[in-house]
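# Chains, contacts and geometry: an overview
Listed below are the residues making up each chain.
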Amino acid sequence: MNAKLDSGVTTRPVTRQTFDEVLVPTYAPAEMIPVRASGLDVWDQQGKHYLDFTSGIAVSSLGHANPKLVAALTEQANTVWHLGNGYTNEPVLRLASALIDATFAERAFFCNSGAEANEAALKLARKYAHTKFGPHKSRIVSCLSSFHGRTLFTVSVGGQPKYTEGFEPLPPGLNHIPYNDIEAARAAITDDVAAVIVEPIQGEGGVIPGNPDYLKALREICDQTGALLVFDEVQSGVGRTGTLYAYEQMGVQPDILTSAKALGNGYPIGAMLTTTEIAQHFNVGAHGTTYGGNPLAATIGLTVVETINQPAFLERVREASGKIFANLNKLAADYPQVFGQARGMGLLIGLPMADGFKGRAKDFTKACEKLGLMLLIAGPDVVRLAPALVVSDEQIVEADRLMRAAVAQFANA
Ligand SMILES: *Cc1c(COP(=O)(O)O)cnc(C)c1O
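Residues numbered from 1 in each chain as written. Predicted model: local features only at pLDDT ≥ 70, side-chain atom pairs only at ≥ 80, totals over all residues. Heavy atoms only, no water.

### Let's talk about the overall build of the protein
Assigned secondary structure in the protein consists of 13 helices and 17 strands. C-alpha extents for the protein along the principal axes are approximately 60 × 50 × 50 Å. The burial tally for the protein puts 52% of its 413 residues in the buried class. As displayed, the protein offers around 18400 Å² of accessible surface, 55% of which is attributable to carbon and sulfur atoms. The positive charge centre, built from 34 side chains, and the negative charge centre, built from 41, are 2 Å apart in the protein. (Helix = DSSP H or I, 4+ residues; strand = E, 2+ residues; numbered from the N terminus. Buried < 20%, exposed > 50% of the residue type's maximum accessible area, 1.4 Å probe, protein only. Areas by Shrake-Rupley, 256 points an atom, 1.4 Å probe, with all protein chains shown as cover. Lys, Arg positive; Asp, Glu negative; His and termini not counted. Charge placed at Lys NZ, Arg CZ, Asp CG, Glu CD.)

Encoded structure:
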């Protein structure tokens, strides 16, 4: 037993203070500790109710404790959990087939997170370029204010210097260019570039939609130079933007697409999708992971994809999005000193703070949380809404009511 902790610490009630005593301080979680959840409803230790408009950072798209997912997971847990990659399994074969049927892709690789999916994508792009063109073709181009994960490679590819400070030396051969800037892309993407990685809509960077003309230009430049185009759809994927993947709305197909977050609704899973021609460069032994595509994760992923990839389901996502945008536009019109114009796609929505409230997004979400509404931020200046895709009209009305109650207090404070 750790003598520095009170004896019995594992059995006595735990509080928010326990976090500061036992966890590595990488996070600053809210004061309240959620203990139970269903759909978009969350209850804390004191039994207080919250309406969840975060879905665990665009993860729990089918809501908390979704009965269909609970049933699928329970059934699989009573069948087979894990086999290792010396054996394949039925759920992973079905999930790969479902994703291939639904997208440009012909092959899938599974892992456990978004960072790992991007790590696989970038390694594959390097291997492809190395084999096909030679070792000089290795540079990776990504965008400023992008986010691609927290492994040393992916965080270095990400365009937010605050996340790499202190971790030097960083992997070499990376370049960052301004997002949505076609001229900068033309200048940076030369013959020595192996891959260009981009979010079709930047999530962590402030909910900034990619311009379709920009993404089309990236496609052209990649075709001209032999670089692979990687779309990081870890946040935008699996129905979040109103189509299964956001690229479908952009008129551009990537060579590699990464998916995670909502794919498991909270059960860890990541996927890298690509073509047969590119996939063959990851031959036996070239890459791997212990858990990737195990039967539990794959069962959940399959149930999620089958549920979300239905025309009526996606149509409802777009309808709900329209209702929330209408509410936010009205809110911003009523409080122009506090909020700018809402932006985003589907149910990935950013509400920027106006000039007089720069840096105060977190203060606003805290005011909402006090009233029982959970929201996210995307950087210090942007409030982010990412409710479960199954959000009801009543819940949309309730979130609007709570945000209005919060802003009335907040703007006067
Ligand atoms: C969340 C996120 C990641 C990282 O995913 P993890 O599962 O946290 O590793 C990568 N890219 C984007 C666009 C993300 O939003």
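### Considering the site of the ligand
Near the ligand the following residues occur: Ser113, Gly114, Ala115, Asn118, Phe147, His148, Gly149, Glu199, Asp232, Val234, Gln235 and Lys261. Asp232 places a side-chain nitrogen or oxygen 2.7 Å from a nitrogen atom of the ligand. Separating an oxygen atom of the ligand from a side-chain N or O atom of Gln235 is a distance of 2.7 Å. Within the complex, 81% of the 380 Å² of free accessible area of the ligand lies under protein. With three residues, helix α5 (residues 114-133) is the single largest residue contributor to the shell around the ligand. The residue inventory of the shell around the ligand, partitioned by class, reads three nonpolar, six polar and three charged. (Near = heavy atom within 4 Å. Polar contact = N/O pair within 3.5 Å; in protein donor to acceptor, adjacent residues only side chain to side chain. Nonpolar A, V, L, I, M, F, W, Y, C, P; charged D, E, K, R; others polar.)

### A short note on the packing of helix α12 (residues 361-371) against helix α13 (residues 393-412)
Contact geometry for α12 and α13: axes closest at 9 Å, N-to-C directions at 120 degrees. Viewed along their axes, α12 and α13 adopt a mutual orientation that is oblique. Judged by the sense of rotation from one axis to the other, the crossing of α12 with α13 is right-handed. Taking contact as the criterion, the partners of Asp363, Phe364, Ala367, Cys368 and Leu371 in α12 are, on α13, Leu402, Met403, Ala405, Ala406, Val407, Gln409 and Phe410. Class assignment for the residues of the contact of α12 with α13 results in ten nonpolar, one polar and one charged. (Axes fitted to C-alpha atoms, helices over the stretch in contact; angles between N-to-C directions. Parallel < 35°, antiparallel > 145°, perpendicular 65-115°, else oblique. Left-handed = near helix turned anticlockwise from the far one by under 90°. Contact = heavy atoms within 4.5 Å.)

### Looking at unusual backbone geometry
In this structure, the amide linkage connecting Glu168 to the following residue, Pro169, adopts the cis form with an omega of 0 degrees. Residue placement: Pro169 occurs in the loop between α6 (152-157) and β6 (174-177). A positive phi angle is found at Ala65, which is not glycine, with a value near 50 degrees. Structurally, Ala65 is set in the loop between α2 (55-58) and α3 (67-77).

### Considering helix α10 (residues 295-308)
In a regular helix each residue adds 1.5 Å, so 14 residues correspond to 20 Å; α10 covers 20 Å between its end C-alpha atoms and thus fits that length. Where burial is concerned, most of α10 is hidden: 13 out of the 14 residues are buried. Here α10 starts with a cap whose side-chain oxygen sits 3.1 Å from the backbone nitrogen of Leu296, and that cap is Asn294. (Expected span 1.5 Å × (residues − 1).)

### Observations concerning the sheet that holds strand β10 (residues 228-232)
Strand order in the open sheet formed by seven strands is β4-β12-β11-β10-β7-β5-β6, with mixed pairing between adjacent strands. With partners counted over all chains shown, the strands left at the sheet margins are β4 (107-111) and β6, one partner each. Here the average twist between neighbouring strands, direction ignored, is 20 degrees. Pairing geometry for strand β7 (residues 193-198) and β10, over four bridges, is parallel. Among the inter-strand pairings, Ala195 is bridged to a residue of β10, identified as Leu228. Packing against the sheet, helix α4 (residues 90-102) makes contact with β4 and β12 (270-274), and its axis sits at approximately 125 degrees to β4. (Pairing = 2+ DSSP bridges.)

### Notes on the nonpolar core
Ranked by internal contacts, the top residues of the largest apolar core, which has 94 residues, are Phe53, Phe339, Phe364 and Met403. In terms of residue count, helix α11 (residues 311-334) provides more of this core than any other element does, nine residues in total. If you look at the next biggest cluster of nonpolar residues, it comprises 21 residues, including Cys111, Ala121, Leu174 and Ile197. (Core = buried A, V, L, I, M, F, W, Y, C linked by side-chain atoms within 4.5 Å.)

### Brief notes about the packing of aromatic side chains
Across all of its chains, the model carries seven aromatic pairs by this definition. Judged by centre distance (5.9 Å) and plane angle (80 degrees), the ring pair of Phe147 and Tyr163 falls under edge-to-face. Residue Phe147 is located in the loop between β5 (139-143) and α6, and its partner Tyr163 is located in the loop between α6 and β6; the two are separated by 16 residues in the primary sequence. For Tyr163, a relative accessible area of 21% gives the class partly exposed. Cluster of aromatic residues (ring-pair linked, three or more members): Phe339, Phe357, Phe364 and Phe410. (Phe/Tyr/Trp six-rings, centres within 6.5 Å; stacked < 30°, edge-to-face > 60°.)

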